[in-house]
Amino acid sequence: MCLAVPGRVVRVSVVDGTPMAEVDFGGVRKDVCLQYVPDAAPGEYLIVHVGFAIQRLDEESARRTLDEFTRLGLLQEEFGEVP
């Protein structure tokens with residue numbers, strides 16, 4: 001299954017002209033393309049699907065969704081072992 005997962009931007013950068021971010025998904029950090037949300041900033045929450053940030057999300061909704069995904073085991077299914 002491939003979910004759209006909320007994550008918190010840790011840092012942003014530009015790689016070969018492409019806006020990128022390191023995003024934390026409840027303890028798992030992944031590099032994410034910011035092409036669709038190029039002005040995302042550290043601390044913001046984003047919805048990420050197949051490695052692309054597709055929209056912003058408020059912190060409360062992001063945390064609630066991450067908690068529910070964790071409870072259902074979906075983060076482990078999506079990312080493997082979650083700390």
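What counts as what
Residues numbered from 1 in each chain as written. Predicted model: local features only at pLDDT ≥ 70, side-chain atom pairs only at ≥ 80, totals over all residues. Heavy atoms only, no water. Phe/Tyr/Trp six-rings, centres within 6.5 Å; stacked < 30°, edge-to-face > 60°. Helix = DSSP H or I, 4+ residues; strand = E, 2+ residues; numbered from the N terminus. Buried < 20%, exposed > 50% of the residue type's maximum accessible area, 1.4 Å probe, protein only. Pairing = 2+ DSSP bridges.

A.B. asks: Give a detailed account of the packing of aromatic side chains, specifying residues and quantitative values.
C.D. replies: Tallying each qualifying case throughout the model produces one aromatic pair. Ring centres 5.7 Å apart and planes at 45 degrees place the aromatic pair Y36 and F52 in the tilted group. Of the two residues, Y36 sits in the loop between β3 (28-33) and β4 (45-49) while F52 sits in strand β5 (residues 52-57), which places them 16 residues apart along the sequence. Residue Y36 is classed as exposed on the basis of its relative accessible area, which comes to 58%. F52 gets classed as partly exposed once you look at its relative accessible area, which sits at 32%.

A.B. asks: So what about the pairing of β3? Which residues, and what values?
C.D. replies: In this structure, strand β2 (residues 18-25) lies alongside β3, joined through six bridges in antiparallel fashion. Bridge pairing in β3 places V23 opposite K30. Linkage of β2 to β3, two consecutive antiparallel strands, is achieved through a turn of two residues, within which G26 is found at a positive phi near 60 degrees.

A.B. asks: Which residues make up the pairing of β2, and what values do they have?
C.D. replies: Along β2, seven of the eight residues are buried, which leaves the element largely enclosed by surrounding structure. Judged from the seven bridges that link them, strand β1 (residues 4-15) and β2 form a sheet pairing that is antiparallel. Looking across to β2, one finds that R8 is bridged to D24. Linkage of β1 to β2, two consecutive antiparallel strands, is achieved through a turn of two residues, within which D16 is found at a positive phi near 50 degrees.

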